[in-house]
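Per-entry structural report
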Amino acid sequence: MKIKSLFFAGAVLLAALTGCNKEEGGAAGGLDPNGESNVFFKLSEGTKADAAEIVDGTGVTFTDGIIYFVDGSNQIVKQFTVGQSGAQYSINALKTSGVIFTGIPNTASDVYIIGNHDFSTAASTTTDMSVVLAEITDLTEQVDNFGGVEKATLYGSGPLYVSSSTEYDKEANVIVNPLIGRIEIMALSTDPDDSGLDQNDPEDYVVASYELEGIYINNFYYQVGVHGNLINGVEPHNFGKIFENYDNETAGGQYLDGSSTADWRTILFDQGSPLTTAVNGLVEPTNDAWAYNIFSAPNELPRIVLKLTNVKVTHWDSPTNKETIDRPNGSVTDGSRDGIAFLTVQKYMDIANANAELATLEAGHIYKIEDLAFTADDLTDLPEEKVTDPDDEFKVFVQVEMLPWKAVYVEGGF
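Residues numbered from 1 in each chain as written. Predicted model: local features only at pLDDT ≥ 70, side-chain atom pairs only at ≥ 80, totals over all residues. Heavy atoms only, no water.

**With respect to the overall build of the protein**
- Within the protein, the secondary structure is distributed over three helices and 27 strands.
- A burial count over the protein gives 51% of its 414 residues as buried.
- The long-range share in the protein, meaning contacts at least 24 apart out of those at least 6 apart in sequence, stands at 71%.
- Of the roughly 17800 Å² that the protein leaves accessible, carbon and sulfur atoms contribute 45%. (Helix = DSSP H or I, 4+ residues; strand = E, 2+ residues; numbered from the N terminus. Buried < 20%, exposed > 50% of the residue type's maximum accessible area, 1.4 Å probe, protein only. Contact = heavy atoms within 4.5 Å. Areas by Shrake-Rupley, 256 points an atom, 1.4 Å probe, with all protein chains shown as cover.)

**Looking at the pattern of salt bridges**
- A full pass over the atoms with the stated rule returns eight salt bridges.
- Residue Glu 184 is joined to Arg 182 by a salt bridge in which the shortest nitrogen-to-oxygen separation is 2.7 Å. Here Glu 184 matches Arg 182 in class, with each residue buried.
- Among the ionic pairs, Arg 303 bridges to Glu 384, the shortest N-O distance being 2.7 Å. Of this pair, Arg 303 sits in strand E20 (residues 303-318) while Glu 384 sits in the loop between strand E25 (372-373) and strand E26 (394-402), and the two are 81 residues apart along the sequence. Of the two residues, Arg 303 and Glu 384, both sit in the buried class. (Salt bridge = Lys/Arg side-chain N within 4 Å of Asp/Glu carboxyl O.)

**Section: the packing of aromatic side chains**
- Considering all chains together, one arrives at 14 aromatic pairs under this definition.
- Considering the side-chain rings of Tyr 216 and Phe 239, the 5.3 Å spacing of their centres and the 80° angle between planes classify their relative orientation as edge-to-face. Highlighted residues: Tyr 216 in strand E16 (residues 206-218) and Phe 239 in the loop between E16 and strand E17 (269-277), separated in sequence by 23 residues.
- On the basis of relative accessibility, which here comes to 0%, the residue Tyr 216 falls in the buried class.
- Measuring from centroid to centroid gives 4.8 Å for Tyr 216 and Tyr 246, while their planes differ by 85°, and the two rings are edge-to-face. Taken as a pair, Tyr 216 in strand E16 and Tyr 246 in the loop between E16 and E17 lie far apart in primary sequence, 30 residues in all. One exposure class covers both Tyr 216 and Tyr 246, and it is buried. (Phe/Tyr/Trp six-rings, centres within 6.5 Å; stacked < 30°, edge-to-face > 60°.)

**Brief notes about the sheet that holds strand E18 (residues 282-283)**
- The three strands lie next to each other as E18-E15-E25, forming an open sheet whose pairing is mixed. Lying at the two open borders of the sheet, with one neighbouring strand each, are E18 and E25.
- Taken together, the two bridges between strand E15 (residues 188-189) and E25 define a ladder with parallel strand orientation. Across the sheet, the residue bridging to Leu 188 is Leu 372, located in E25. (Pairing = 2+ DSSP bridges.)

**Thoughts on the environment of Thr 277**
- Here Thr 277 is to be found in strand E17.
- For the pair formed by Thr 277 and Glu 211, sequence separation is 66 residues and the distance between their alpha carbons is 4.3 Å.
- Contact partners of Thr 277, with chain neighbours within four places excluded, come to Tyr 210, Glu 211, Leu 282 and Val 283.

**Focus: the nonpolar core**
- Of all hydrophobic cores here, the largest spans 56 residues; its most connected members are Leu 188, Tyr 210, Leu 268, Ile 304, Leu 306, Leu 308 and Tyr 348.
- Contributions of two or more residues to this core are made by strand E14 (181-185), E16, strand E19 (290-294), E20, strand E22 (341-350), strand E24 (365-369) and E26.
- With residues near it in sequence (within four places) discarded, Ile 304 still touches Ile 183, Ile 185, Ile 215, Tyr 216, Ile 217, Leu 343, Thr 344, Val 345, Tyr 348 and Ile 369.
- Counting residues in each nonpolar core, the second largest holds 20 residues, with Ile 91, Ala 108, Leu 160 and Ala 172 among its members. (Core = buried A, V, L, I, M, F, W, Y, C linked by side-chain atoms within 4.5 Å.)

**A look at the environment of Thr 375**
- Looking at the element boundaries, Thr 375 is found in the loop between E25 and E26.
- A sequence separation of 168 residues divides Thr 375 from Val 207, and the C-alpha atoms of the two residues are 7.0 Å apart.

**Quick look at the confidence of the model for the protein**
- Across the protein, the average pLDDT comes to 79, with 78% of residues at 70 or higher.
- In the model of the protein, strand E1 (residues 3-5) stands out as the element of lowest mean pLDDT, 28, in contrast to strand E21 (residues 321-326), which has the highest, 97.
- Confidence over residues 17-29 falls short of pLDDT 50; this stretch has 40 contacts with residues more than four positions distant or in other chains.
- Across residues 45-58 the pLDDT falls below 50, and counting only partners more than four positions away or on other chains, this stretch makes 60 contacts in the model. (pLDDT = per-residue confidence, 0-100.)

**A word on unusual backbone geometry**
- Cis geometry marks the peptide bond from Ser 273 to Pro 274; its omega dihedral reads -5°.
- Within the secondary structure layout, Pro 274 lies in strand E17.
- In this structure, Asn 355 is a non-glycine residue whose phi angle is positive, near 60°.
- Relative to the assigned elements, Asn 355 resides in the loop between E22 and strand E23 (356-357).

**Remarks on the side chain of Asp 270**
- With respect to the helices, strands and loops of the structure, Asp 270 is situated in strand E17.
- A polar atom in the side chain of Asp 270 sits 2.6 Å from the side chain of Tyr 292.
- Look past the residues within four positions of Asp 270 in its chain and what remains in contact with it is Glu 213, Gly 214, Ile 215, Leu 275, Trp 290 and Tyr 292. (Polar contact = N/O pair within 3.5 Å; in protein donor to acceptor, adjacent residues only side chain to side chain.)

This is the structure we're talking about:
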């Protein structure tokens, strides 16, 4: 069931250092570099008139987190837990009256906040902020969040800077955003009506029936920077154009770069024998959507590959004989692959923006494909067969939603 809810329009942390241990000739703002200060934080929430409509009825909620104060050497000089019961400070207090954090070393130059993340022991005990950031930007560490968006990791950072206020010495404004984006596929369909087939064209096909065996997300990055920047040496994962990589019995082995797919099964690809069978050309997931959380990458798009099996097509074999057969697959000559076909989504078009083509799928957005509609002409013998042909790409029209803020719908095409 779809439920409309209001979420953060932008979570803004207002930090102010109150003036204790203030000495002339000390740190920036006149603070003694060997001293400490108190810091006032308040978490303010905004609302959007355009409420996000999330498939599972929930949106990103700030449930718990850690606030870090970091010096110029990227060392954590102080940290506090915020959340519900058991945390040092409650999120409710942060959002209402605000909280004063005490004993902050004046060497602190930046503030970070990370919410909704279950840290490893290494990240929980380190004093090196880079270790913490490396963990939250590793997609394998986001697996606990894949069941929905309400626990998507939130991140924000900003400098502590000298304030013009007479009430305190330093301040910071930090906007907190989700680190991930999300693709949701709610249906796959084709029209099995064969009344319009050309009797004189034996290659004019209509898909009569099919099974959906697998959905695979290709060209996804397993690690990015906290601002969505690419990391040297990190290449996207792909099953590629190799037919056998999408075999239900063997795909679970390696991506093209040799890395294991074990961490990604059911997370960034689904397989079954089959997953589901079409009824009147339509397949739908058991739950509300097949959903995949992803990292955004600049000017890069993940590709969606769908493997169909037991594909039956109807055509006129001759002007007097209409028949339904296994869809021919010309990638081999012995007919062993007949009835197997692929769809590859390469382009995403924003429905709410006059079907404008998207250059990237951004963090903090849900890209919802309400109906991935296709025809027999969109099917290919091999996966990603049309990737190098920009004039023959399948496009998807999508509704895009800001994870906690605003909804957007998109459509897709092959």
